[in-house]
Amino acid sequence: MVVPNQTRTVDGHVSGQSNDPLSLPAHCLSSARVAQELQTETKTGLSSSEATARLERHGANDLGREKGVQPLKILAAQVVNAMTLILLLALGACFGIQSWIEGGVLAGLILINVVIGFIQDLQAAKTIASLKSLNAATARVVRDEGVISTIDATKLVPGDVIELKVGDNIPADARVIEAVNLEVDEALLTGESLPVRKYQDEVFDEDTGPGDRLNVVFSSSVITKGRGRAIVFATGMFSEIGAIAAALGDDGGKKRKLKRDENGKASVVSYLAFGAGKTWDWIGKFLGLTVGTPLQRKLSQLFYYIFGFAVICAIIVMAANEFRGRNDVIIYAVATALGTLPVTLILVLTITMAAGTKVMVQRNVVVRNMRSLEALGGVTNICSDKTGTLTQGKMVARMAWIPNLGTYSVGSTNDPYSPEAGTVAFTPSEPREMDNDNGTPVTPRSETHASLQNYLDIASLANLATVTRADDEGSTSWQANGDATEIAMQVFATRFGRPGHGAGASESWTQLAEFPFDSSVKKMSVLCQHNATGQVRIFTKGAVERVLASCPSISFSSSDGHNDSDKAVPLTTELHNTILQNMEALARRGLRVLALASNSASGKIRPVSADEARRGLLKREDFETDLTFRGLIGIYDPPRPESRPSVFKCHQAGIGVHMLTGDHPETARAIAIEVGILPAKMDMIRADLAEQMVMTAHDFDRLGDDELDALAELPLVVARCAPSTKVRMIDALHRRGKYVAMTGDGVNDSPSLKRADVGIAMGLGGSDVAKSASDIVLSDDNFASILNAVEEGRRIFDNVQKFMLHVLAANVAFVTTLLVGLAYKDAGGISIFQITPIEILFMLLVAGAFTETGLGFESASKHILSRPPQSLKYGVFTPEFLADIVAYGTIMAICLLSSFIIVIFGFYDGEFGHDCNLRYSDSCAGVFKARSTCYTTMMWMFVFFAWELVDSRLSFFDGAVRDTKAWAARLWKNTFLFWSVVVGFFSIFPTLYIPVLNRRVFLHEGIGKEWGIVFAVTILFFIGAESWKWAKRVHFRRKNVMEKKGAAMSEEDLEKRAFERFYSSDSEMSVEK
């Protein structure tokens, strides 16, 4: 069992020491000595069994401040809240007029509501708590003979070897053992505003402060540049951040502060403002107006508006009865007030949200911000990255062009990591001259051209990836570690006999320095020294345009038939254009194209000292010059099979999809057409619009905001995209009234993730910084999961509307019935209520709570992605929703009044008796029978109404005759709702026929011949509800908002509908404002 941090002590712990003290603090020891004392290996790490044992001994790597689920706090929240308070006021009114039965039943129902709310909120809290573990930080750890895996950061132990890359939140205090341009933001710990450079070989004095320990990285700091490895020496409360947490010991909550002047004094006005603010904080929290998600706060506001309306209704009841202080008048007023209150709304919303997050996890979506659940249903545009999201992220080097030599092509393979899979063909043609003929097969290891060897030097050495054969004896499988692009290049080089690792592990070369990939220069280079000759070379790869800018010469392969040579010739404008044409030819094949360059063998590079490289004093601009262009490599990242169907579902759902990628425009265009973001018939697009549909970031950023707003359409594809371009795209979409979801994985994506309405981070390849800036995280980095999230968001939105409509339409029916019923008075001139307070509460709290919870669990409608996103202007309260409330409420009110009137006037000659609001007497027989009929009708309508709302437009009886078995299975699919309806249906019988319970408590009577009215009016309700749905279907089909029955759109139809505005030959398009 893992020891929780709450039970561990840090008394006597020395800053910089390990959980189990070392001979000296880690910053005072060499990395080798730290590894020795922690009994670990820097290359292979700990074994899993040893890591488990250390986790048992040292406990979880956390700060021990998570309180977890608190049942008592949840129970208190059920009792001390505004809803219960209002019900208690009604209870007080009942007891005040000595209406003991109504008061007792109301007390019982309040207790039931509290118990149900407690159980459901407890389950919801447990669900949310379980999801927090999915949001927890992760760490890339080296264990089990060098295998790199990603684990929960809480499972790190002293002695673990961790890998560090840009964007990582460092999970524990660790001693650096490898640092390549490694810089860390330690502002959270030290207050230092600038990133701090880290070195692996430095050793410091014992009294060196944390800010000056340049060989140590600290928990919760962030990698801003470079990469590295480190040995964990302190976890949890033994880390520097843990010591601070122990010293502070507060919950980190946002607190209101007293405003003081420069002398530290506060005025009387400041104290009054502070006191008023604290009071509002408490009231807002108590009333639910300042806590929870936006929808929860909006519903809390709605509840208080309705409460105000309830008070007005109660006053109307009192006025209609001349403000008499009689008990029955007060009870009538209480009944009317209770009839207006949607008492189950907040409870069911909480349950629905918690259940929604759980379903999303099953669909590879982890919710970090509950607000996003509400926002997803309104997304109108998705801005997605290409690599690893729309594509598989498993890259294969398909083509390599070497100037004046020819083109190598790699055939299709199912194993992207194996250099032995797939055939290699060669043709002396350039890519721009090739059609479908890739040339003749060759044996890669037999290819010895000098220009090819220089090319392979760059592909294998300017590379951090490793490709190795599996350790199993006789195994034909291969393993790869590193970036997907670099793995593809390393596999390609390994096909030709290269060792499968970069310069850092080369036997022939010694790596002197590395200039890591930077989004501002789009290049990566390594400085290497040849071990035999001592010659220093620079090997560079990167974006074609950026690499060419550093190349005044180009490599030309030549052969006299006996000797093969490689010489550098000036890079003329003609040759420059040739390179660009070949790049575009490769890009049109959907390949990501990189350029490879190096300095010539005779080129001079100034001497580089180890100290310069170690301290990061080398400037890349001093070395990435005077290079020789060596060739192009085309890397294919196949689209995910599910990307194209998902994009077309987005088209069907009215969601625009934009691809923002760092690739070349032609590569981006080819992939965008393949997945359906761009139309297949691009040649039919007007030239000016075709140019706008695919833009480079340079062209996009060159346009001002006014010019972007003047475009008929924003581009669907932005190539060579920079992080700032993503922010501008979001802003441009916002100005057009769009609601945007944006994907991101890097540190630089954080601004766009925060600017988007829904920020979506990648769970597998995303940085910790990007995840912390996002609203949701995709656990599989798959575009299809974004659609899953949108679908779930719409489902949750629909279900919220369903249960809100269920209770609010019933409220309309209750209030309308009781207010109209004021006209029916007994012999004493007192209005007779058609439904008693107990009946209303029984329906709302007993039947309503369960059926509405069942509606919250309802699965998505089959048409959920066939309609446009919901309007953010209206939110939940769309025109259709408001019309439904009025329509269904009116239908139910008519049914209620009809059932009461038919019985009282048809069977009992309009005899209203005397004091029938208080007790039973022989004169009240007709009133009690009519009331029972009205109550039974409403109860059945109420529970069947839940089934009617399963689909807001489709008929409840759709398929009942055509395929009865499938129709019944659809009802049974939501078992919670099914049994809620069944139990609600039969629960009326004990309330009607149990003596005392019926006459004394519910103030109604068992019925006989009145059952015919109940059945007839219930059928009338179904006719009214189905007629309303039919009218809606006709209306929406005429507006093309809803598909006609049996209609199904093919991909071609969807593409035509999605891009018809681009095919248009006129210019009637106008910018949406």
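For the structure, check the block above.
Predicted model only: the values in this text are computed from it and were never measured.

Undergrad: Requested: an account of the packing of aromatic side chains, with residues and values cited.
TA: One pass over the full model with this rule turns up 38 aromatic pairs. The interplanar angle of 85 degrees and the centroid separation of 5.3 Å between the aromatic rings of Trp-509 and Phe-539 together place this pair among those described as edge-to-face. Here Phe-539 lies in strand 18 (residues 536-542) and Trp-509 lies in strand 16 (residues 509-515), a separation of 30 residues in the sequence. Taken as a pair, Trp-509 and Phe-539 share a single burial class, namely buried. Centre to centre, the rings of Phe-857 and Phe-976 are 5.4 Å apart; their planes meet at 85 degrees, and the pair counts as edge-to-face.

Undergrad: An account of the pairing of strand 2 (residues 147-152) is needed here, citing residue identities and associated values.
TA: Judged from the six bridges that link them, strand 1 (residues 138-143) and strand 2 form a sheet pairing that is antiparallel. Among the inter-strand pairings, Ala-139 is bridged to a residue of strand 2, identified as Ile-151. Connecting the antiparallel pair strand 1 and strand 2 is a turn made up of three residues, with Asp-144 showing a positive phi of about 50 degrees.

Undergrad: Give me the state of the cysteines: which residues, what numbers.
TA: Scanning all chains against the criterion turns up one disulfide. Put simply, Cys-916 and Cys-924 are joined by a disulfide, and their sulfur atoms are 2.0 Å apart. Negative torsions about the S-S bond denote left-handed disulfides, and the value of about -95 degrees found for Cys-916 with Cys-924 makes this one left-handed. Cys-916 sits in the buried class, given a relative accessible area of 0%. Assessed through its relative accessible area of 0%, Cys-924 is described here as buried. The thiol of Cys-895 is not disulfide-bonded; the next cysteine sulfur, from Cys-934, is found 10.0 Å away.

Undergrad: Requested: an account of the sheet that holds strand 8 (residues 365-367), with residues and values cited.
TA: If you trace the eight strands from one edge of the open sheet to the other, you get 8-28-27-26-9-23-25-24, paired in mixed fashion. The open sheet has two edge strands, strand 8 and strand 24 (694-696), and neither has a second partner. Neighbour-to-neighbour, the strand axes of the sheet open up by a mean angle of 20 degrees, direction not taken into account. Pairing analysis gives four bridges linking strand 9 (residues 381-384) to strand 23 (residues 656-660), with the strands arranged parallel. Within strand 23, the position partnered with Cys-383 by the bridge is His-658. The strands touched by helix 19 (residues 665-675) are strand 23, strand 24 and strand 25 (717-719); relative to strand 25, the strand with the most contacts, the crossing angle is about 150 degrees.

Undergrad: Describe in detail unusual backbone geometry, supporting the description with residues and values.
TA: You will see that Glu-145, though not glycine, has its phi angle at about 65 degrees, which is positive. Here Glu-145 falls in the exposed class, since its relative accessible area comes to 69%. Phi at Ser-220 is positive, roughly 80 degrees, even though this residue is not glycine. As for its placement among the helices and strands, Ser-220 is situated in the loop between strand 6 (216-217) and strand 7 (222-234).

Undergrad: Let's hear about a nonpolar patch on the surface: which residues, and what values?
TA: Taken together, Leu-72, Leu-75 and Val-79 make up a surface patch of nonpolar side chains, about 290 Å² in accessible area. Checked against the element boundaries, Leu-72 lands in helix 3 (residues 71-79). On the basis of relative accessibility, which here comes to 71%, the residue Leu-72 falls in the exposed class.

Undergrad: Report on the nonpolar core, specifying residues and quantitative values.
TA: It is characteristic of soluble globular proteins that their nonpolar side chains tend to be buried jointly. Among the nonpolar cores identified, the biggest contains 147 residues, and Ile-382, Ile-677, Met-804 and Met-938 are the most heavily contacted of them. Among all residues touching Ile-677, those that are not within four sequence positions of it are Leu-390, Val-647, Val-657, Met-659, Ala-672, Leu-716, Val-717 and Phe-1059.

Undergrad: Any details on helix 31 (residues 975-986)? Residues and values, ideally.
TA: Its 12 residues give helix 31 an end-to-end C-alpha distance of 17 Å, which sits within 8% of 16 Å, the value for a rise of 1.5 Å per residue. Of the positions making up helix 31, those classed as buried are Leu-977, Phe-978, Ser-980, Val-981, Val-982, Gly-984 and Phe-985. Contacts made by the buried residues of helix 31 are with helix 27 (837-856), helix 29 (925-948), helix 30 (964-973) and helix 32 (988-993).

Undergrad: If you had to explain the environment of Glu-792 to someone new, which residues and values would you point to?
TA: Relative to the helices and strands, Glu-792 resides in helix 26 (residues 783-820). A sequence separation of 72 residues divides Glu-792 from Ile-864, and the C-alpha atoms of the two residues are 9.6 Å apart. Beyond its immediate stretch of four places on either side in the chain, Glu-792 contacts Val-359, Met-360 and Arg-363.

About the criteria used
Residues numbered from 1 in each chain as written. Predicted model: local features only at pLDDT ≥ 70, side-chain atom pairs only at ≥ 80, totals over all residues. Heavy atoms only, no water. Phe/Tyr/Trp six-rings, centres within 6.5 Å; stacked < 30°, edge-to-face > 60°. Helix = DSSP H or I, 4+ residues; strand = E, 2+ residues; numbered from the N terminus. Buried < 20%, exposed > 50% of the residue type's maximum accessible area, 1.4 Å probe, protein only. Pairing = 2+ DSSP bridges. Disulfide = S-S within 2.5 Å. Axes fitted to C-alpha atoms, helices over the stretch in contact; angles between N-to-C directions. Contact = heavy atoms within 4.5 Å. Patch = residues over 30% accessible without salt bridge, like charges linked within 9 Å, V, L, I, M, F, W, Y side chains within 5 Å. Areas by Shrake-Rupley, 256 points an atom, 1.4 Å probe, with all protein chains shown as cover. Salt bridge = Lys/Arg side-chain N within 4 Å of Asp/Glu carboxyl O. Core = buried A, V, L, I, M, F, W, Y, C linked by side-chain atoms within 4.5 Å. Expected span 1.5 Å × (residues − 1).

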